[in-house]
Amino acid sequence: MILSGFHRRGKKGFTLIELLVVMAIIALLAALVGPRLFPKLGKGKQSAAKAQIELLGQALDQFRLDVGRYPTTQEGLNALAANPGADKWEGPYLKKGLPADPWDRPYQYQSPGTHGEYDLWSFGRDGQPGGDGEDKDVTSWE
């Protein structure tokens, strides 16, 4: 059988035209779906940071129940994973160690805080205070 001027003797595979058509269809689908999907990725990281802050808050509360106080700013969140020298420390209070925020930066911690007994926050995607959208800070007090 002759196809497009070439003999195909038992060779299996796709022609260049078939591959180009499939790649064009994939590119078209990516162009339509991509812009709708990428904004949700940023919102997902914001939600993940909020969930991690809540879990760290629970670990801080457990530390306080055992030791009688929250870790100081100098002790930081590391006091949840390793004993800072407290007598009644019963940790570690985190199962998998101290996580980084979804943008791979450490969470910020201050105790006593300006918004409560402690403040715990991430600076968001830009790593700077303030911001809007994906760059907005994720905090324990909001």
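So, a few notes on the structure that sits alongside this text. (Residues numbered from 1 in each chain as written. Predicted model: local features only at pLDDT ≥ 70, side-chain atom pairs only at ≥ 80, totals over all residues. Heavy atoms only, no water.)

Describing the overall build of the chain
Worth spelling out the cut-off: Helix and strand definitions here come from DSSP, where helices need a minimum of 4 consecutive H or I residues and strands a minimum of 2 consecutive E residues; each element is numbered from the N-terminal end. We call a residue buried when its accessible area falls under 20% of the maximum for its residue type, exposed when it is over 50%, and partly exposed in between, using a 1.4 Å probe and counting protein chains only. Contacts were defined at the residue level, with two residues in contact if any of their heavy atoms lie within 4.5 Å. In this description, accessible areas are obtained by the Shrake-Rupley approach with a 1.4 Å probe, and a residue is regarded as covered only by the protein chains that are shown.
If you tally the helices and strands in the chain, you get one helix and five strands. For the chain, the sequential pattern of α-helices and β-strands runs β-β-α-β-β-β. Considering the chain as a whole, with its 142 residues, one finds that 27% of them fall into the buried category. Sequence separation of at least 24 residues holds for 41% of the intrachain contacts in the chain that already meet a minimum separation of 6. Within the structure as shown, the chain displays about 10100 Å² of accessible surface, and the carbon and sulfur contribution to it stands at 59%.

Observations regarding the packing of aromatic side chains
We apply this condition: Two aromatic rings, drawn from Phe, Tyr or Trp (for Trp, its six-membered ring), form a pair once their centres lie within 6.5 Å of each other, and the interplanar angle then sorts them: stacked below 30 degrees, edge-to-face above 60, tilted otherwise.
Under the counting rule described, the total for this entry stands at six aromatic pairs. Here the aromatic rings of Trp121 and Trp141 are separated by 6.0 Å at their centres, their planes lie at 65°, and the arrangement is edge-to-face. Here Trp141 lies in the segment after strand S5 (138-139) and Trp121 lies in strand S4 (residues 119-122), a separation of 20 residues in the sequence. Given the relative accessible area of 15%, Trp121 is considered buried. Members of the aromatic cluster, joined through ring pairs, are Phe63, Trp89 and Tyr93.

Here's the deal with the pattern of salt bridges
Counted only if it meets this: Salt bridges are counted wherever a side-chain nitrogen of Lys or Arg sits within 4 Å of a carboxyl oxygen of Asp or Glu.
In the structure shown here, the tally under the stated rule is four salt bridges. For Arg64, the salt bridge is made with Glu117, and the minimal N-O distance between the two is 3.8 Å. Of the two residues, Arg64 is situated in helix H1 (residues 16-67) and Glu117 in the loop between strand S3 (108-110) and S4; the sequence distance between them amounts to 53 residues. Using a relative accessible area of 48% as the deciding quantity, one classes Glu117 as partly exposed. A salt bridge links Asp135 to Arg125; the shortest N-O distance between them is 2.9 Å. Note that Asp135 is positioned in the loop between S4 and S5 and Arg125 in the loop between S4 and S5, a separation of 10 residues in sequence. By relative accessible area, Asp135 is classed as buried at 18%. Using a relative accessible area of 43% as the deciding quantity, one classes Arg125 as partly exposed. Salt bridges sharing partners connect three or more residues here, namely Arg125, Glu134 and Asp135.

Some points on the sheet that holds S3
The condition that has to hold: Two strands pair under a simple rule: DSSP has to find at least two bridges between them.
Pairing in this open sheet of three strands is antiparallel, and the strands run S3-S4-S5 from one edge to the other. This sheet does not close on itself; its edge strands, each paired only once, are S3 and S5. Sheet analysis places S4 next to S5, joined by two bridges and oriented antiparallel. Residue pairing across strands places Trp121 opposite Thr139, the latter belonging to S5.

Comments concerning unusual backbone geometry
Leaving glycine out, the prevailing phi sign among residues is negative, and the prevailing peptide bond configuration is trans. With an omega of 10°, the peptide bond between Gly91 and Pro92 qualifies as cis. Along the polypeptide, Pro92 turns up in the loop between H1 and S3. Here the residue pair Ser111 and Pro112 is connected by a cis peptide bond, since its omega of 0° sits within 30 degrees of zero. Along the chain, Pro112 turns up in the loop between S3 and S4. Unusually for a residue other than glycine, Asp104 sits at a positive phi of about 65°. Here Asp104 is to be found in the loop between H1 and S3.

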